[in-house]
Amino acid sequence: MRDSLDAADRQRFAGSYAHRKSALSHLAFGVSSTPRATQRPVAIVMERGDGAHVVDVDGNRFIDYALGYGPLILGHTPPSVIAAIQNELSRGLRTASVHRGEAELAELIAACVPSAEQTSFVSTGTEAIQLALRVARAATGRVKIVKFRANYHGWADGIHVGNAIGQDGASALGQDPQAAQSVTLLDWGDAEQVEAVLDSSFAAVIVEPVAINGGCFEPPAGFLERLRTATQRCGALLIFDEVITGFRLALGGAQERYGVTPDLSVLGKALGAGLPISAVSGSRAAMEVLSSGRLMHRGTFNGNPLSVAAAIACLEELRDGHNEIYARMDAFAGRLCRFLSDRATLRGVPVRARQAGAALQIFAAEAAIETLRDTAQVDKENTLLFTGALLREGVQTLPRGLCYLSAAHSLADIEATEAAIAAAVDAVAHAKAA
Ligand SMILES: Cc1ncc(COP(=O)(O)O)c(C=O)c1O
């Protein structure tokens, strides 16, 4: 794949190129989270969002499947969420105060998520993972954790290991290599490995129940059930990291979709409809160390009223519309997945797609990507180039090819996206032939 339209890009995305240059002078790396700078042909600078669309500083409009890296499940301008935030703002910021909303939100989560009898709030998924691991260690009096390869649980030193196939160990510059010593890495989807390793020295097994970060892989039949049985057998806690899958794959997340209830669930992203809020939820027994006040749970911005107001409005809308919303998002994701696969096959372009509910992963790869292990064959550079080709056709995905559907995407958006996919695939086929 070739990045062939550079001169035209410079004109069309002139404002974004100029911003990138000037931002670098005082903003480290020009962005506030490293992957945002990987977008091709340039990290586009957003002017505004509107439903399922975004408009950049050059006036280019895109159908958006990046959705703020997942949170914008109701799109960029959900009226009920924006009204709730405005109402909350009219009462002052009330940061770090005790307020009625946090208990109301915890009750709403309990009504939606099977495992969520008790909930504690933090701001980010990374913090929530840290809290969940601490709860598991405090509740069991044990230290060791099972984590799966190519599952991602945030960027904290103690768990940021084995984030890609073929990359065991710490992967971030500056990471304390000792911090994750109590983590045992196993292969996601292989329940036998877990059954062989797990004993009474383990505090928890943490898992992305659907391997969205690895490339949208649904759990093999029986995998989650066997994790449930194996953890119960040796007294370890089962933690579902539902930062992505929570409120996205179903109102009750992956645990509702697959009928397996963990001890602890980590929620984030879609929970806040775009505002920063994450949570650890769990059974009364698993959460006892927190609900008794024995385990330290701190954070100035935890349960901040603005995020809580947004989350309540978001969950109410998802609860009231869930029968229709999830079926439509799944159907749209399936349709785009099939269209992309068929078009790429037709034109002989090595691009592939996988779907898991309302999420879709695009890969550039010569060989079929059937399992998480196959993702070692993915051409990351060509994936970036292909999502850059889609951007030129008016479709924004995450640069690494992950796409999310929202309740705001319409049939017209899907049809326009198919036209854009066809044009992007054709552009790659032409460049290959040239
Ligand atoms: C499954 C999963 N867990 C945890 C996190 C960390 O969440 P945050 O980026 O809010 O810290 C992410 C982020 O993408 C995630 O995908």
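How each quantity is defined
Residues numbered from 1 in each chain as written. Predicted model: local features only at pLDDT ≥ 70, side-chain atom pairs only at ≥ 80, totals over all residues. Heavy atoms only, no water. Helix = DSSP H or I, 4+ residues; strand = E, 2+ residues; numbered from the N terminus. Near = heavy atom within 4 Å. Polar contact = N/O pair within 3.5 Å; in protein donor to acceptor, adjacent residues only side chain to side chain. Areas by Shrake-Rupley, 256 points an atom, 1.4 Å probe, with all protein chains shown as cover. Nonpolar A, V, L, I, M, F, W, Y, C, P; charged D, E, K, R; others polar. 1 Å grid on protein atoms, 1.4 Å probe; cavity = no way out; pocket = protein on both sides within 12 Å on 5 of 7 lines; lining within 4 Å. Points joined across faces, edges and corners; volume = space filled by probe spheres on them. Axes fitted to C-alpha atoms, helices over the stretch in contact; angles between N-to-C directions. Parallel < 35°, antiparallel > 145°, perpendicular 65-115°, else oblique. Left-handed = near helix turned anticlockwise from the far one by under 90°. Contact = heavy atoms within 4.5 Å. Phe/Tyr/Trp six-rings, centres within 6.5 Å; stacked < 30°, edge-to-face > 60°. Buried < 20%, exposed > 50% of the residue type's maximum accessible area, 1.4 Å probe, protein only. Lys NZ or Arg CZ within 6 Å of the ring centre and 35° of its normal.

Caption draft 1: Representation of the environment of A156 within the structure. Within the secondary structure, A156 sits in the loop between β5 (144-148) and β6 (183-186). In the structure, A156 is positioned 23 residues away from A179 in sequence and 9.2 Å away in space, judged by C-alpha atoms.

Caption draft 2: Quick peek at the site of the ligand. Around the ligand, the neighbouring residues are T124, G125, T126, Y152, H153, G154, E208, N213, D241, V243, I244 and K269. Here a nitrogen atom of the ligand and a backbone polar atom of Y152 are 3.4 Å apart. One of the side-chain N or O atoms of D241 is found 2.7 Å from a nitrogen atom in the ligand. Alone, the ligand offers 390 Å² of accessible surface; in the complex the protein occludes 83% of this. Tallied by class, residues from the shell around the ligand come to 3 nonpolar, 6 polar and 3 charged.

Caption draft 3: Representation of empty space enclosed by the protein within the structure. Within this structure, the stated rule accounts for 2 cavities of 30 Å³ or more. Of the pockets and cavities examined, the largest cavity occupies roughly 70 Å³. At the level of elements, α11 (305-347), β12 (359-364) and α13 (411-433) are the ones that each hand at least two residues to the lining of the largest cavity. Class assignment for the residues of the lining of the largest cavity results in 9 nonpolar, 2 polar and no charged. Size it by volume and the second largest cavity reaches roughly 40 Å³. Around the second largest cavity, the lining residues are Q39, R40, T387, G388, L391, T397, L398 and P399. Along the lines of polarity and charge, the residues of the lining of the second largest cavity split into 3 nonpolar, 4 polar and 1 charged.

Caption draft 4: How the structure looks around the packing of α11 against α13. Relative to each other, α11 and α13 sit at 20°, their axes nearing to 10 Å. In terms of orientation, α11 lies roughly parallel with respect to α13. α11 and α13 meet at a crossing whose hand is right-handed. Residues F332, R335, L336, F339, L340, R343, A344 and R347 of α11 form the contact with α13, whose participating residues are L411, I414, E415, T417, E418, I421, A422, V425, D426, A429 and H430.

Caption draft 5: Region of the structure containing the packing of aromatic side chains. Enumeration according to the criterion identifies 3 aromatic pairs in this entry. On the basis of an interplanar angle of 70° and a centroid distance of 5.6 Å, the ring pair of F148 and F223 is categorised as edge-to-face. Of this pair, F148 sits in strand β5 while F223 sits in helix α8 (residues 223-234); the two residues are 75 residues apart in sequence, bridging distant segments of the chain. When sorted by exposure, F148 lands in the same class as F223, which is buried. Feature note: the residues F148, W188 and F223 constitute an aromatic cluster, connected by ring pairs. The aromatic ring of Y17 is capped on one face by R10, whose charged end is 4.4 Å from the ring centroid. Its guanidinium or amino end placed over the ring of F29, R20 lies 5.3 Å from that ring's centre, counting from NZ or CZ.

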